Structure formats: structure tokens, C-alpha cells
Amino acid sequence: MTFEQFAVARLPSLLRYAVVLTGDRELAQDVVQEVLARAQVRWRRISGADSPEAYVRRMILNEYLSWRRTWAVRNIHAVGERLVDLGDARVSVRDHAQSIVEADELWSRLASLGRKQRAVLVLRYYEQLDDDAIGDLLGCTAATVRSQASKALKTLRLSSELQPRELAKEKS
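It should be emphasised that the depicted structure is a prediction, and the values quoted were computed from it without experimental measurement.

This part takes up the side chain of Arg 57. Along the chain, Arg 57 falls in helix α4 (residues 52-65). If we skip the residues at most four places from it in the chain, Arg 57 touches Arg 10, Ser 13, Leu 14, Tyr 17 and Glu 127.

Structural data, given as C-alpha cells:
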């Protein structure tokens, strides 16, 4: 398979993966563009790997974790991206408006996480990887992965518990 064939066939999937990681479509496009530019130069070596797509996804993860743009160093802000835009067939939409509100709240809470915690959750729940595989990708132990996931989920739970209290204060 040539690089051009790979890029045409896998670009939508790689972009979806990057959007879930970054929470920002424009940043995701930048990350994927950087990675594909480097992958094209190294394509002969990458295409010889067991799974070229897994190799490129790892490159995307590494690029996201080391992204050094001034405006995105530590703060990622959701800009209206919604999980339903990603075309996840497992999501059943009952009330469209409520689904959008819930997805926007989730993006907002995910944006509050640190990069490594967010990457752990994406790799665990979006990519369906186990702790050992995530540890290999991130260069840490499975115990560190579990710790990061635990802290991230605790942060998400706390922010969802605080939200009804804040709404009640605003109404009174």
C-alpha cells in the first residue's frame, strides 16, 4: 500500500481519533497534518511495520502529548464539538437537544483534565485498550495508567456532582 492510499483510506478514522484526544477539531487537524507529513517521509519503514495504522495512531498520541503551541500548552477549550458529530453508532439519541447538552457538558469536563489523564481515558474507552497496552503507548506502568484513570474519573465525577449545585445557586 502506498502512502497516498493509506492516507485516503485512514484519514477520517485518524481525524476522529485526534478529535477525541484533543477536543478541538482544528487542533486535531493540525496534529494529524504534522504526523502525516512525518509519516510520508518515513513511509517505507512504517509500511513494513505489523500495523501501519497503529504506528501512525501512536505518532498522533505522541504529537498530542508533546504539542507545544502557545495557545494550547495546558488549556484545551471545547469549541462546540459534540460526541454525536463523531458518528458513534452506539449512541442512541432519545431527545436530540438533551443529547447535545450532555455531550457538550462531557466535552467541557474532559477539557478540564490534564493531557495524560485525557489520553488514558481516550485510549481506554475510545480505543478499547487494556492498561498494559496504554502503559506501553505512554511509556509508563499499568499501575500508573490505573492511577491516572482513577484520578481522571474522580475529577469527572466531582465536576458532574458540583454542576447541579451551581445551577441551583444561579436560579436562586
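Structure shown, so let's carry the discussion forward.
What follows is about the packing of helix α1 (residues 3-22) against helix α6 (residues 115-126). Taken N-terminus to C-terminus, the directions of α1 and α6 make an angle of 135°; their axes are 9 Å apart at the nearest point. With respect to each other, α1 and α6 are oriented oblique. The hand of the α1/α6 crossing is right-handed. Across the interface between the two elements, Arg 16, Tyr 17, Val 19, Val 20, Leu 21 and Thr 22 from α1 touch Arg 118, Ala 119, Val 122, Leu 123 and Tyr 126 from α6. In terms of residue class, the contact of α1 with α6 is made up of eight nonpolar, one polar and two charged.

Our next topic: the nonpolar core. With 39 residues, the main nonpolar core has Leu 21, Val 56, Ile 60 and Leu 61 as its most contacted residues. Those residues in contact with Ile 60 that sit more than four places away from it in its chain are Leu 14, Tyr 17, Ala 18, Leu 21, Val 31, Val 32 and Val 35.

Right, let's talk about α1 for a bit. Helix length check: α1 (20 residues) gives 25 Å between terminal C-alpha atoms against 28 Å at 1.5 Å per residue, more than 12% under. Taken as a whole, α1 carries its principal kink of about 55° at Arg 10; the proline Pro 12 stands between one and four residues after it. Turning to α1, its buried residues are Phe 3, Phe 6, Ala 7, Ser 13, Leu 14, Tyr 17, Ala 18, Val 19, Val 20, Leu 21 and Thr 22. Each element contacted by the buried residues of α1 is listed here: α2 (25-41), α3 (43-47), α4, α5 (96-111) and α6. Of the residues trailing α1, Gly 23 is marked for its positive phi of about 75°.

Analysis parameters
- Residues numbered from 1 in each chain as written.
- Predicted model: local features only at pLDDT ≥ 70, side-chain atom pairs only at ≥ 80, totals over all residues.
- Heavy atoms only, no water.
- Helix = DSSP H or I, 4+ residues; strand = E, 2+ residues; numbered from the N terminus.
- Contact = heavy atoms within 4.5 Å.
- Axes fitted to C-alpha atoms, helices over the stretch in contact; angles between N-to-C directions.
- Parallel < 35°, antiparallel > 145°, perpendicular 65-115°, else oblique.
- Left-handed = near helix turned anticlockwise from the far one by under 90°.
- Nonpolar A, V, L, I, M, F, W, Y, C, P; charged D, E, K, R; others polar.
- Core = buried A, V, L, I, M, F, W, Y, C linked by side-chain atoms within 4.5 Å.
- Buried < 20%, exposed > 50% of the residue type's maximum accessible area, 1.4 Å probe, protein only.
- Expected span 1.5 Å × (residues − 1).
- Bend = angle between axes of the 7 residues up to and from the residue.

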